[in-house]
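# Close look at the chain arrangement
Spelled out, the chains give:
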Amino acid sequence: MTDTPRPAGEPGENEPEVPAVPDDLSSLDELGLEVPDDLSELTGPSSDPDMAVLITQIASAEPLAAAASLAGIDLDAVPTEVGALAVLRDPSGSRPDDAASALSQVVRGVPLVQVTRKGEQLTCVRWSDGERGDEISPALLLGGAPQTVEDILTGFAKPADLEGVVASGSIGRMKAMRMLTSAARKARKASRGKPGTKDDG
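For the structure given in this document, a descriptive report is provided here. Keep in mind it's a predicted model, so treat the numbers as computed, not measured.

Right, let's get into the overall build of the protein. In terms of helices and strands, the protein carries five helices and seven strands. In sequence order, the protein lays out its α and β elements as β-α-β-β-α-β-β-β-α-α-β-α. Burial status across the protein gives 32% buried among its 201 residues. Here the contacts in the protein between residues at least 6 apart in sequence split such that 62% fall between residues at least 24 apart. Of the roughly 13,500 Å² of accessible surface on the protein, a fraction of 51% belongs to carbon and sulfur atoms.

Across its 12 residues, helix α2 (residues 95-106) extends 16 Å between first and last C-alpha, which sits within 8% of the 16 Å expected from 1.5 Å per residue. Inspection of α2 places P96, A99, A100, S101, L103 and S104 among the buried residues, and these make up the whole buried set. Those residues of α2 that are buried are in contact with β1 (51-55), α1 (61-71), β3 (85-88), β4 (112-118), β5 (121-128) and β6 (131-136).

Strand order in the open sheet formed by seven strands is β6-β5-β4-β1-β3-β2-β7, and the pairing between neighbours is antiparallel. Since the sheet does not close on itself, it has two edges, and those belong to β6 and β7 (166-167), each with one partner. Bridge count for strand β2 (residues 75-78) against β3 is four bridges, and the pairing is antiparallel. Bridging from a neighbouring strand, L75 pairs with L88 of β3. On top of the sheet, α2 reaches β1, β3, β4, β5 and β6; it is set at about 170° to β4, its chief contact. Against the sheet, helix α4 (residues 147-154) makes contact with β1, β2, β3, β4 and β5, and its axis sits at roughly 155° relative to β1, the strand it touches most.

Judged by nonpolar contacts, the single largest core of 26 residues is most densely connected at L54, L64, I73, L75, L103 and I171. Of all the secondary structure elements, the ones that give two or more residues to this core are β1, α1, β2, β3, α2, β5 and α5 (173-192). Leave out the neighbours within four places in its chain, and L54 touches A84, L85, A86, A99, A100, L103, L112, V113 and Q114. Core analysis: the next-biggest nonpolar cluster, separate from the first, contains 15 residues, M51, I55, V78 and L153 among them.

Even without being a glycine, D129 presents a positive backbone phi close to 50°. Along the chain, D129 falls in the loop between β5 and β6. On the basis of relative accessible area, D129 is assigned to the partly exposed category, the value being 30%.

For the structure on display, the rule yields three salt bridges. Between D76 and R89 there is a salt bridge, and its shortest N-O distance comes to 2.8 Å. Here the residue D76 occupies a position in strand β2, and R89 occupies one in the loop between β3 and α2, the gap between them amounting to 13 residues. Take D76: its relative accessible area is 12%, and that puts it in the buried class. Between R132 and D97 there is a salt bridge, and its shortest N-O distance comes to 3.3 Å. Separated by 35 residues along the polypeptide, R132 in strand β6 and D97 in helix α2 bring together distant segments of the chain. Of the residues examined, D97 reaches a relative accessible area of 33% and is grouped as partly exposed.

The rules behind each value
Residues numbered from 1 in each chain as written. Predicted model: local features only at pLDDT ≥ 70, side-chain atom pairs only at ≥ 80, totals over all residues. Heavy atoms only, no water. Helix = DSSP H or I, 4+ residues; strand = E, 2+ residues; numbered from the N terminus. Buried < 20%, exposed > 50% of the residue type's maximum accessible area, 1.4 Å probe, protein only. Contact = heavy atoms within 4.5 Å. Areas by Shrake-Rupley, 256 points an atom, 1.4 Å probe, with all protein chains shown as cover. Expected span 1.5 Å × (residues − 1). Pairing = 2+ DSSP bridges. Axes fitted to C-alpha atoms, helices over the stretch in contact; angles between N-to-C directions. Core = buried A, V, L, I, M, F, W, Y, C linked by side-chain atoms within 4.5 Å. Salt bridge = Lys/Arg side-chain N within 4 Å of Asp/Glu carboxyl O.

In structure tokens:
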């Protein structure tokens, strides 16, 4: 046994040898290691929903797409028996809330339900006149909903698979304003013709 120190970098008798880190990381390929291009998954799962849908009482897809065009929202309007659905093309970040707030302000007095889906979980929130309301039960919402609504929310169907879908990007602002003005005029005429209105004398 000797007290002579070992030269620097020389492993001891019972110590494992630590491989040197190469200056050129391309040599990692030779070791069978692969560095992914996208490391975002290492930070954990995304908090963004997989889908965001606005369920409205607007009668058809065109007026909904026109309202979305005026609000600057990129979506597909899907007609259903209970009112048109707005399927956001990009549900990331704050876009679902921004879209629900903006659209419910454009069509004041017409409440809507914002539905976001993340994995198997649905979250349903009422919106009216730009204000967020209470959450409601997904089971209650889907209980009386037509099949189209359920198919969209579960991902079984996509807007491209359905008939009568109108993209908000296909409607210019001027055309959107004319469409909404015309729709409002027709709604007023229909309201005047109903029994019990002031014009019935």
